[in-house]
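Summary of structural features
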Amino acid sequence: MEFDFADQQPKLLMLMYGLVAFVVVVGGLLLLLDVVPAWFARRREAQLVAASASGAPLPRRPRQREGLFALFFLLPTVLLLTIGLVIPAIRTTLLSLMDAGSNDWVGLRNYGWMFSDDSIVRVLINTLVWVVLVPLVAASFGLLYAVLVDKARFESVAKSLIFLPMAISFVGASIIWKFVYAYRGEGEQIGLLNQIVVSLGGEPKQWLLESPLNTLLLIVIMVWIQAGFAMVVLSAAIKAIPADIVEAARLDGVTPWQMFWQITMPSIRPALIVVVVTLTIATLKVFDIVRTATNGNYDTSVIASEMYNQAFRYGQNGQGSALAVFLFVLVIPVVIYQIRNLRQQREG
């Protein structure tokens, strides 16, 4: 199949316009944030030098000017958050109160559908299973890796290999694991899992078609990706434990098990909370793995994938928006807890 440049010209032009706009906007912001502070810094330095040379008191920056200066730097962030988050959130909330075509108001009917339809209840249960298992298992494996690999002979190599899945996209990882779970009838198997089963005298299975086992197998993909992240954060926290505390515990004759529970765990608790919260938020939003591996079929759909299906495949804008709002509501308590936790750490 030959590439027809004439047919693809509109798409290529649109792509070029997008790239130019990206370069102009991002480059302009970076240039602005580099030039303006440097200009103010040079001006302030010149004022200080002149005051020092003349013996005059050092000039103080007016409090009002400091407020304007801070507002100048906050304005791009506030603007982007408003355009990219606040306005879409308000619009999605309004759409969730309307019918499929976004023409008539239906009130809370879409939210009632969410908790009364058996297929959507299954979606909510699947999401709950993901949220419970992924942070718990991934953080546990990450902590296990961090403890076992800490101060090992080939620590850097081992950590690199464990962290490597984080460099793979969710889609790429899902494709890799689809080959692991692949099924080829009764003949020769190309899937690693089925090949192991056959080698042990068992019968190959279509793993991704059997519910609820398929959901657990998809969770394995997420754990495989995120365990490296947990390992890196917790390993850094373990290395930050003061050496004198560890040495004092050893002099007191504590066992390795006591060392882990009485010294290591209390010391890395803040890092462990950060890991669990981060994994929880990432799990609530999981979409790529389910979409790539099963497309949400065979009772594997979660909120994010069902939201996409309802809004873009089935044309149910109201129901898709209701799922999006519900997902947003689920994330808010986790974010608030993390903010409070970080504030307590700073105050402590």
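Before reading on, note that the structure itself is shown above.
Residues numbered from 1 in each chain as written. Predicted model: local features only at pLDDT ≥ 70, side-chain atom pairs only at ≥ 80, totals over all residues. Heavy atoms only, no water.

Here we come to the overall build of the protein chain. Of regular secondary structure, the protein chain possesses 13 helices and zero strands. Against the 2.2 N^0.38 benchmark of 20 Å for 348 residues, the protein chain shows a C-alpha radius of gyration of 27 Å, more extended than a compact globule. Once the C-alpha set of the protein chain is aligned to its principal axes, its extents read approximately 95 × 70 × 50 Å. A sequence separation of at least 24 residues applies to 63% of the contacts in the protein chain between residues at least 6 apart. Carbon and sulfur atoms provide 67% of the accessible area of the protein chain, an area that totals close to 21,900 Å². In the protein chain, which carries 26 positive and 23 negative side-chain charges, the distance between the mean positions of the two groups comes to 13 Å. (Helix = DSSP H or I, 4+ residues; strand = E, 2+ residues; numbered from the N terminus. Rg over C-alpha atoms; globule rule 2.2 N^0.38 Å. Contact = heavy atoms within 4.5 Å. Areas by Shrake-Rupley, 256 points an atom, 1.4 Å probe, with all protein chains shown as cover. Lys, Arg positive; Asp, Glu negative; His and termini not counted. Charge placed at Lys NZ, Arg CZ, Asp CG, Glu CD.)

With that settled, consider the nonpolar core. The biggest cluster of nonpolar side chains holds 44 residues, and the ones touching the most others in it are Trp130, Tyr181, Leu218, Ile221, Leu234, Ile268 and Ile289. Listing elements by their share of this core, those giving two or more residues are α4 (118-149), α6 (170-180), α8 (213-239), α9 (243-251), α10 (256-284) and α11 (288-293). Ranked by the residues each element gives to this core, the list is headed by α8, at 12 residues. With residues up to four places along the chain from it excluded, the contact list for Ile221 reads Ala173, Ser174, Trp177, Tyr181 and Ile289. Core analysis: the next-biggest nonpolar cluster, separate from the first, contains 18 residues, Met114, Ile120, Leu323 and Val334 among them. (Core = buried A, V, L, I, M, F, W, Y, C linked by side-chain atoms within 4.5 Å. Buried < 20%, exposed > 50% of the residue type's maximum accessible area, 1.4 Å probe, protein only.)

A separate point is the packing of aromatic side chains. For the structure shown, the criterion picks out nine aromatic pairs. A centroid spacing of 5.6 Å and a plane angle of 50° characterise the contact between Trp177 and Tyr181, whose relative ring orientation is tilted. Taken individually, Trp177 and Tyr181 each receive the classification buried, so the pair is uniform in this respect. Consider the rings of Trp177 and Trp224, whose centres lie 5.7 Å apart with planes at 70°: the pair is edge-to-face. With a gap of 47 residues between them, Trp177 in helix α6 and Trp224 in helix α8 connect regions that are remote in the sequence. The class of Trp177 is buried, set by a relative accessible area of 16%. Taken together, Trp177, Tyr181 and Trp224 form an aromatic cluster joined through their ring pairs. (Phe/Tyr/Trp six-rings, centres within 6.5 Å; stacked < 30°, edge-to-face > 60°.)

As far as function goes, none of this settles anything; it's purely spatial.
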